[in-house]
Amino acid sequence: REIYEFLQAAARKYGIAFWRPGSGIIHQLVLENYAAPGTLMLGTDSHTPNGGGLGMLAIGVGGADAVDAMAAIPWELKAPRVLGVQLRGALAPWASPKDVILAVAAQLTVRGGTGSVVEYFGSGAEALSCTGMATICNMGAEVGATTSVFPYGEAMARYLRATQRGAIADAADAQPALLRADAEVAADPARYYDEVVDIDLAALEPAYNGPFTPDLRTPRSQMAGAVQREAWPDTVSAALIGSCTNSSYQDLSRAASLARQAAARGVRVAEGTALLVSPGSEQIRATMQRDGIQQAFEAVGARVLANACGPCIGQWKREDAPAGANTIVSSFNRNFRARNDGNPATLNFLASPDMVMAAALAGRLSFDPTRDTLRGADGAEF
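All values derive from a computational prediction rather than experimental measurement. (Residues numbered from 1 in each chain as written. Predicted model: local features only at pLDDT ≥ 70, side-chain atom pairs only at ≥ 80, totals over all residues. Heavy atoms only, no water.)

**Focus: the pattern of salt bridges**
And step 1. The tally for this structure, following the rule as stated, stands at 14 salt bridges.
And step 2. Between Arg318 and Asp341 there is a salt bridge whose closest N-O contact spans 2.6 Å. Separated by 23 residues along the polypeptide, Arg318 in the loop between strand E11 (303-304) and strand E12 (326-330) and Asp341 in the loop between E12 and strand E13 (346-350) bring together distant segments of the chain.
And step 3. Linked by salt bridges that have partners in common, Arg161, Asp170 and Asp173 make up one network. (Salt bridge = Lys/Arg side-chain N within 4 Å of Asp/Glu carboxyl O. Helix = DSSP H or I, 4+ residues; strand = E, 2+ residues; numbered from the N terminus.)

This is how it looks when you write it as structure tokens:
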């Protein structure tokens, strides 16, 4: 408490915004309050690029660089490569923005984006929500990218107005050509980008990435076979929804939709599986409660945690944790050994909130919600 009170007093003295503990994850707070198209932001965290979902060049730096910038010392960066990711089409049912970055990570690996700014473009970018684009930019850190960014579009304008920043949307709407790639780039991307990755959203299948690395992708349809082949524990001991990557209102409302369908048929989270949900901000938590989303999670046996990073960064007092190998699924961004619960034998598979919710209800990693069924309280399958 003493430390927080000191920080609050110092922030008040020097005109610095201070967000109290419980306010939420800083990246979600930035998206809701500060991010703006066409601006540059430095942040002392690797997932600062979350702001790219609002057309901002948001770059994670070290503390010394941030102090220099605060002291009005010019910030310097070795000129990065520009890697273009062309998105075509629209996402199929069950696929989500998280599956886009899981696919990008699989193609580029954890080192493939090093020294690069990743710029998304194409018709598919127009079909994504603002928070979905933020999810994709957020996990650009997992491929080593300097930052990631999307072009300004209608989804960003809607989000700005929904978060009481209509004036910023109006300013961006007045100069759209400055916030998007030129027409020549879209016509011949290979000429302008150092590397181009092409993704057909309509063909993109939901997937799990892991364990122990965020670039090992297994498409949903192949997971049952992979579980047998790799001898991964099939029982899901914990399912976790949240983190700065997937804790927006859209993320939680989609997962809650599945929870409501299950509750209507008398189904709860599988026995032996813990479902933990972490809202990204107090605004999201309050809206969740207002709209019945929190109640939907709790109705199937979920536990809603504080508005914080929580288990994603190891802030998880895991009671009754298995001593040996066990499987967890999460909507987090990293899954290195011992990161979440201190147990190097815990296998963490990264997925969208939708897939995490499905795994929680079934209690199995091999469960495929696009083909498999659950049994309701009346014995009927659905």
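Now, onward.
**Here we look at the sheet that holds strand E5 (residues 147-149)**
And step 1. Read from one edge of the open sheet, four strands run E5-E4-E3-E6, paired in parallel fashion. The strands lining the two open edges of the sheet, one partner per strand, are E5 and strand E6 (195-200). The average angle at which neighbouring strand axes cross in this sheet is 20°, direction not considered.
And step 2. Alignment of strand E3 (residues 81-88) against E6, held across six bridges, turns out to be parallel. Directly across from Gln86, in E6, lies its bridge partner Asp198. (Pairing = 2+ DSSP bridges. Axes fitted to C-alpha atoms, helices over the stretch in contact; angles between N-to-C directions.)

**Some words on the nonpolar core**
And step 1. Leu54, Val85, Leu87, Tyr120 and Phe150 are the most contacted members of the largest nonpolar core, which totals 50 residues.
And step 2. Ranked by residues supplied to this core, first place goes to helix H4 (residues 97-108) with seven residues.
And step 3. For Leu87, the residues in contact, after removing those within four places along its chain, are Val100, Tyr120, Phe121, Gly122, Ser123, Gly124, Ala125, Leu128, Phe150, Ile199 and Leu201.
And step 4. Within the second largest apolar cluster, 40 residues are counted, among which are Ile284, Ala296, Met357 and Phe367. (Core = buried A, V, L, I, M, F, W, Y, C linked by side-chain atoms within 4.5 Å. Buried < 20%, exposed > 50% of the residue type's maximum accessible area, 1.4 Å probe, protein only. Contact = heavy atoms within 4.5 Å.)

**Here we look at the environment of Val356**
And step 1. Within the fold, Val356 resides in helix H14 (residues 353-362).
And step 2. Owing to a relative accessible area of 0%, Val356 belongs among the buried residues under this scheme.
And step 3. Placed 132 residues apart in sequence, Val356 and Ala224 show a C-alpha to C-alpha distance of 15 Å.
And step 4. Setting aside chain neighbours within four positions, we find Val356 in contact with Ala239, Leu240, Ile241, Val329, Ser330, Ser331 and Ala351.

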